[in-house]
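# Chain and residue survey
Read off the chains here:
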Amino acid sequence: MNRLNNNILFAFLLVTSIFWSCADDDSFTLSSSNLLTMSVDTVNMDTVFSTVPTSTKTFWIYNQSGDGIRCPSVRLTRGNQSGFRVNIDGIYLGESNGFQTSDIEIRDGDSIRVFVELTSKRNGALQPQLVEDLLLFSLESGVEQRVTLQAHSWDADIYDEILITDDQTITTTRPMIINKGITVREGATLRISSGSTLYFHSGAGIDVYGTLISEGTADKNVCLRGDRTDNMFDYLPYDLVSGQWKGIVFHDKSFGNQLLYTDIHSTMDGVVCDSSSVQNIKLTVDNSTIHNCQGDGLRSTASKIILRNTQITNTLGHCLNIIGGDAEVQHCTLAQFYPFDADRGKALNIFNEVNNPLSIKCYNSLITGYAEDVLNGDRKSEDAAFDYFFDTCIMRTPSVEDTTHYNAVIWELPEDTVTAGEKHFVLVDGDTQHYDFHLVESSTAVGKANPLYALPLDREGRERNKDAACIGAYEYIKPKKE
């Protein structure tokens, strides 16, 4: 009997304990000292294009106050005026509910997740304009807590696809977004004016069957890039990530193309020259940059190309890939520091094929990178010419005794196997994806160019030292003392 009474007493205590535990969990405070904890105080969408939906940002709301908290009202203070869209705990704040919701409950120790997107309206300005709203949490205690939502909205001219059938010129005063690409038909010439920036959506690029002339200047480069203006991570903008857009393809019957003071970056392949005749110049690249490609930087097959004062850097494939044809490279910087894959290609890759002879001449150029050998040459056909000549170049590759193909070359191996090619440049930072390929004073490229092949201006249009120019695309300019 005593044992039965003890069992009844234990059951009573257990039920009572569960009851009070549930009662504690379900209690909600009216104290103004009990507050929610937000993982952020501001959701910043960075710079976005007006009328284009953004990617989703998210943050958490925690209740670590010691008691449950109710929010009789959660609302966007500007309603539908700002263009922000919010989903909180599975509830969408939209027009149907007046951009607000009620009776959000967060028990002690729990959390909820909030998702934020934005489609901003056009503002009519040439420069990005601040768009801001407040997500306001009204607690049952009467306290109001808020999270700021903000972005800088930029009006852009948006095109689905551009077809060039006759001679045309693109001049932009605001960003120009191309969703599916630009096609230049055979017989047509497309000119891109200095200072223009074209933003390409993923998979979009430029297909040239006619002629493309990018007419940048030293102070107003043409910029061709991807259309993502937000960040992949806090420290990494999408603009620094390779593979954001397709790049440029010059097809077989395209000749007379020119890229002048043009910045091409974060592509799949940067520039591709399809197989064609070497009797006419297919492409001239002057004072330009091709950087951070998920394929090759510039790939030329059986074509005639001229590269001067040009930087081609950081590619998963080869920076410069010459597959037969005729190439002249003068005062260029080919640097292979692609950070995302150790199985990156070479700074320079050259070879011939059957019915595809090779001729390449390279003057006053800097060819370097992480690896101990960033140059590859392969004679794949004994029946086709394989002609190459390097004069006054810095080359990170094992030295050879060959005066027929090399003159006054500065070999980085075997002399230097430790510091790699980073020693030449102001900044090589694979962690943050920031690079500056200007020369430092201690670089062996400073003052070592052959005057016979020295160009008067460097990549940025600065005068070179007539008697002692620098190897590579950039002239070293000693900083002025303050």
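Data block above holds the structure.
In this text, all values refer to a predicted model and were calculated from it rather than measured experimentally. (Residues numbered from 1 in each chain as written. Predicted model: local features only at pLDDT ≥ 70, side-chain atom pairs only at ≥ 80, totals over all residues. Heavy atoms only, no water.)

Think of a ball as big as a water molecule: rolled over the atoms, this probe shows where empty space is left. For the structure on display, the rule yields 1 cavity of 30 Å³ or more. Along its surface, the largest cavity is lined by Arg225, Gly226, Asp227, Arg228, Tyr238, Asp239, Gln244 and Ser266. Its residues assigned to classes, the lining of the largest cavity comprises 1 nonpolar, 3 polar and 4 charged. (1 Å grid on protein atoms, 1.4 Å probe; cavity = no way out; pocket = protein on both sides within 12 Å on 5 of 7 lines; lining within 4 Å. Points joined across faces, edges and corners; volume = space filled by probe spheres on them. Nonpolar A, V, L, I, M, F, W, Y, C, P; charged D, E, K, R; others polar.)

A separate point is the pattern of salt bridges. This model, assessed by the stated rule, comprises 19 salt bridges. Measuring nitrogen to oxygen at the nearest pair gives 2.9 Å for the salt bridge that ties Glu105 to Arg70. Here the residue Glu105 occupies a position in strand E9 (residues 104–106), and Arg70 occupies one in strand E4 (residues 69–71), the gap between them amounting to 35 residues. For Glu475, the salt bridge goes to Arg464, with nearest N and O atoms at 3.2 Å. Of the two residues, Glu475 is situated in the segment after strand E44 (434–439) and Arg464 in the segment after E44; the sequence distance between them amounts to 11 residues. On the accessibility criterion, Arg464 (7% relative accessible area) is buried. Each of Arg70, Glu105 and Glu140 takes part in salt bridges that share partners, so that together they form one network. (Salt bridge = Lys/Arg side-chain N within 4 Å of Asp/Glu carboxyl O. Helix = DSSP H or I, 4+ residues; strand = E, 2+ residues; numbered from the N terminus. Buried < 20%, exposed > 50% of the residue type's maximum accessible area, 1.4 Å probe, protein only.)

The full count for this structure, using the stated rule, is 18 aromatic pairs. Ring centres of Phe390 and Tyr406 lie 5.7 Å apart, and the angle between their planes is 15°; on these two criteria the pair is classed as stacked. Taken together, the residues Phe390 in strand E39 (residues 386–391) and Tyr406 in strand E41 (residues 406–407) connect sequence positions 16 residues apart. Summarising the burial analysis for this pair, Phe390 and Tyr406 share the class buried. Summarising the aromatic geometry, the rings of Phe425 and Phe437 are spaced 5.0 Å apart at their centres and angled 75° between planes, so their arrangement reads as edge-to-face. (Phe/Tyr/Trp six-rings, centres within 6.5 Å; stacked < 30°, edge-to-face > 60°.)

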